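# Geometric and topological summary
Next come the chains, spelled out residue by residue.
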Amino acid sequence: MQPGQPTAIQVSPETASQGASYLSASDQTLLVSFGEQIGHEAHQQVRTLAASLTEEPITAALNIHPAYCSLLIKFDLRRATHQDIEREVRQRMLRANPAAAWAGRQVEIPVCYGGDFGPDLARLAELRSLSTEDLIRIHAQTAYTVYFLGFVPGFAYLGVVPDAIAAPRLASPRQRVEAGSVGIAGRQTGIYPCPVPGGWQLIGRTPLSMFRTERDPMALLACGDEVRFRPICRDEYIQIERGGT
């Protein structure tokens with residue numbers, strides 16, 4: 001799902017049978033969508049297509065941007081039309097191998113929950129009729145997929161958060177959310193890589209650096225990674241932070 005309201009273009013029965021729809025998101029972008037439901041099945045199709053387009057690039061394509069259930073292709077409009085790009089994508093999908101989809105890593109993220117690191121934890125637990133301990137346990141025992149990176153460099157959108165701890169965004173976003181803050185919004189969870197305004201419910205903070213310009217790769221997480229959170233105490237937080245991880 002991408003920002004904005006793309007304009008639909010004609011989709012042929014052959015295309016529909018592949019489970020994809022094609023939308024003209026702008027004069028030089030094509031959105032390939034696999035529905036609106038966030039889940040592993042749709043995202044597996046996104047990753048399979050992304051891997052195929054990376055392995056066998058479309059000549060006129062400039063960038064590809066995977067999301068939860070869709071993939072946005074930016075192309076050189078001097079070299080191709082939306083219909084040209086759709087035709088190329090359909091060909092890739094017919095011969096794409098799901099086994100070749102981007103393989104993710106298993107990544108553990110230490111988190112110090114609550115207190116000034118997680119100012120919304122107690123209120124969210126009360127909203128969901130849980131103890132703070134139960135909310136932490138549910139959040140930490142779930143394996144999350146990195147669906148895509150966006151918003152700011154290094155911000156990974158993780159899902160799917162269990163219904164038991166899903167939470168609405170704040171009515172009024174904070175003017176500043178500190179780097180490393182772990183939040184929940186709807187059935188998404190994520191980690192702020194740098195100080196920015198934000199409206200997610202904050203439940204904790206990690207001492208890990210999610211994004212560094214001098215690191216290769218710069219972002220700690222990548223599309224397709226599987227993330228688990230590990231609760232830590234304040235002392236361990238300080239120890240890891242001092243280690244400069």
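Here the structure is shown first, and the text comes after it.
Residues numbered from 1 in each chain as written. Predicted model: local features only at pLDDT ≥ 70, side-chain atom pairs only at ≥ 80, totals over all residues. Heavy atoms only, no water.

## Examining the packing of aromatic side chains
Tallied over the entire structure, the rule returns 12 aromatic pairs. Ring geometry for Tyr68 against Tyr147: centres 4.9 Å apart, planes inclined by 55°, an arrangement best described as tilted. Here Tyr147 lies in strand 7 (residues 144-149) and Tyr68 lies in the loop between strand 4 (61-66) and strand 5 (70-75), a separation of 79 residues in the sequence. Taken as a pair, Tyr68 and Tyr147 share a single burial class, namely buried. On the basis of an interplanar angle of 85° and a centroid distance of 6.3 Å, the ring pair of Phe151 and Tyr192 is categorised as edge-to-face. Linking Phe151 in the loop between strand 7 and strand 8 (156-159) with Tyr192 in the loop between strand 11 (188-191) and strand 12 (196-198), this pair joins segments that are 41 residues apart in sequence. Exposure remark for Tyr192: the relative accessible area of 1% places this residue in the buried category. (Phe/Tyr/Trp six-rings, centres within 6.5 Å; stacked < 30°, edge-to-face > 60°. Helix = DSSP H or I, 4+ residues; strand = E, 2+ residues; numbered from the N terminus. Buried < 20%, exposed > 50% of the residue type's maximum accessible area, 1.4 Å probe, protein only.)

## Regarding the pattern of salt bridges
If you walk through the whole model with that rule in mind, you get 14 salt bridges. Here Asp225 and Arg105 are joined by a salt bridge, their closest N and O atoms 2.5 Å apart. On the criterion of sequence distance, the pair formed by Asp225 in the loop between strand 13 (201-205) and strand 14 (226-231) and Arg105 in the loop between helix 3 (82-95) and strand 6 (106-113) is long-range, its members being 120 residues apart. Salt bridges sharing partners connect three or more residues here, namely Glu56, Glu88, Arg92 and Arg95. (Salt bridge = Lys/Arg side-chain N within 4 Å of Asp/Glu carboxyl O.)

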